[in-house]
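Below are the chains, spelled out letter by letter.
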Amino acid sequence: MSTAKSEHSESRTVTFQGVDDLTLVGDEWNAGSAEAAARPTVLMLHGGGQNRFSWKNTGQILADQGLHVVALDSRGHGDSDRSPTANYSIEALCGDVLHVLHQLNRPVVLIGASMGGLTGILAARDAGPELVTKLVLVDVVPRFEKSGSARIRDFMFNHVHGFDSLEQAAEAVAAYLPHRTKPRSPEGLKKNLRHRDGRWYWHWDPAFLTKPEDDPFIRVEKLEQAAIDLTIPILLIRGKLSDVVSAEGVQDFLEKVPAAEFVELSDAGHTAAGDDNDAFSQVVVDFVTR
């Protein structure tokens, strides 16, 4: 990672308009910076059931390199609007990103984790190389492991009715991510939960899980072809402990998209950015600023 730093940049909350006039909320760093204006914007797309705060540390590190950075809440997640028709298909998510790209109206590097990565593949293909100049895929390939994906959905389904306390939520997360050191305090979970009627609920729309036809696993060929069609630099980052992206899945992807670069993080799983943020951020900064 480059040691050259700009002044510490504070983030601000911004809004964009998505498909069907949904309001999408993001955190933005270095808006209006002359230094940032000379380089592509970085747009960060989180995974299913997460929100823009998943990128807080990496977003800050990229911003401190002088880059213009936006971390976006996807529809139905975080502070963005929920879809009134429960449309959370990858096509709808892609449409939202295309709207945001045109509102940014400048070259963008897309960084997408899991669901955000699959969205990024389609958005990069549809936007074209002048608008999306690079793509980072965080522990996702079109042919991901269905068993690992099912474990994520089971975790989300099992806790859709909330928790009695932050401590109970922290215990559930620790059981789901046994490889990650459990924080001493559960207070950080307040970014991912909302308190109402005496319980803590995940900050995403439960309807996100209700339409089997929205499952990206049934769009493998479409996503794979979109990745093959890309001509921009692509970086695939895998957490070595991941049960969502296998070594075979990586090999298959690299054979079909031979221009893609690959990095494996030995101490990370599917939630790579949070599992080993220092190593993850260094890899991302090196790729984005090259």
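A brief report on the enclosed structure follows. Not measured: the values here are computed from a predicted model. (Residues numbered from 1 in each chain as written. Predicted model: local features only at pLDDT ≥ 70, side-chain atom pairs only at ≥ 80, totals over all residues. Heavy atoms only, no water.)

## Observations concerning the packing of helix α4 (residues 115-127) against helix α7 (residues 220-229)
Step number 1: At their nearest, the axes of α4 and α7 sit 9 Å apart, and the two run at 50° to each other. As summarised for this structure, α4 and α7 are arranged oblique, according to the angle between their axes. Read as a crossing pair, α4 and α7 show a hand that is left-handed. Side by side, α4 and α7 meet where Leu118, Ile121, Leu122 and Arg125 of the first sit next to Lys222, Leu223, Ala226, Ala227 and Asp229 of the second.
Step number 2: Classifying every residue of the contact of α4 with α7 by side-chain character gives six nonpolar, no polar and three charged. (Axes fitted to C-alpha atoms, helices over the stretch in contact; angles between N-to-C directions. Helix = DSSP H or I, 4+ residues; strand = E, 2+ residues; numbered from the N terminus. Parallel < 35°, antiparallel > 145°, perpendicular 65-115°, else oblique. Left-handed = near helix turned anticlockwise from the far one by under 90°. Contact = heavy atoms within 4.5 Å. Nonpolar A, V, L, I, M, F, W, Y, C, P; charged D, E, K, R; others polar.)

## Thoughts on the sheet that holds strand β1 (residues 12-17)
Step number 1: If you walk across this open sheet you meet the eight strands as β1-β2-β4-β3-β5-β6-β9-β10, and the pairing is mixed. Looking at strand neighbours, the two that pair on one side only are β1 and β10 (261-265), the edges of this open sheet. When the angles between neighbouring strand axes are averaged without regard to direction, this sheet yields 20°.
Step number 2: Pairing between strand β2 (residues 23-29) and strand β4 (residues 69-72): four bridges, direction antiparallel. Directly across from Glu28, in β4, lies its bridge partner Val70. (Pairing = 2+ DSSP bridges.)

## Re the nonpolar core
Step number 1: In terms of nonpolar packing, the biggest core is built from 63 residues, with Leu43, Leu101 and Leu110 touching the most fellow members.
Step number 2: At eight residues, the largest contribution of residues to this core is made by helix α3 (residues 90-104).
Step number 3: Discounting residues that sit within four places of it in the chain, Leu101 has contacts with Leu43, Arg106, Val108, Ala127, Leu131 and Val132.
Step number 4: Among the nonpolar cores identified, the runner-up in size contains 27 residues, and Ala63, Ala71, Ile111 and Phe287 belong to it. (Core = buried A, V, L, I, M, F, W, Y, C linked by side-chain atoms within 4.5 Å. Buried < 20%, exposed > 50% of the residue type's maximum accessible area, 1.4 Å probe, protein only.)

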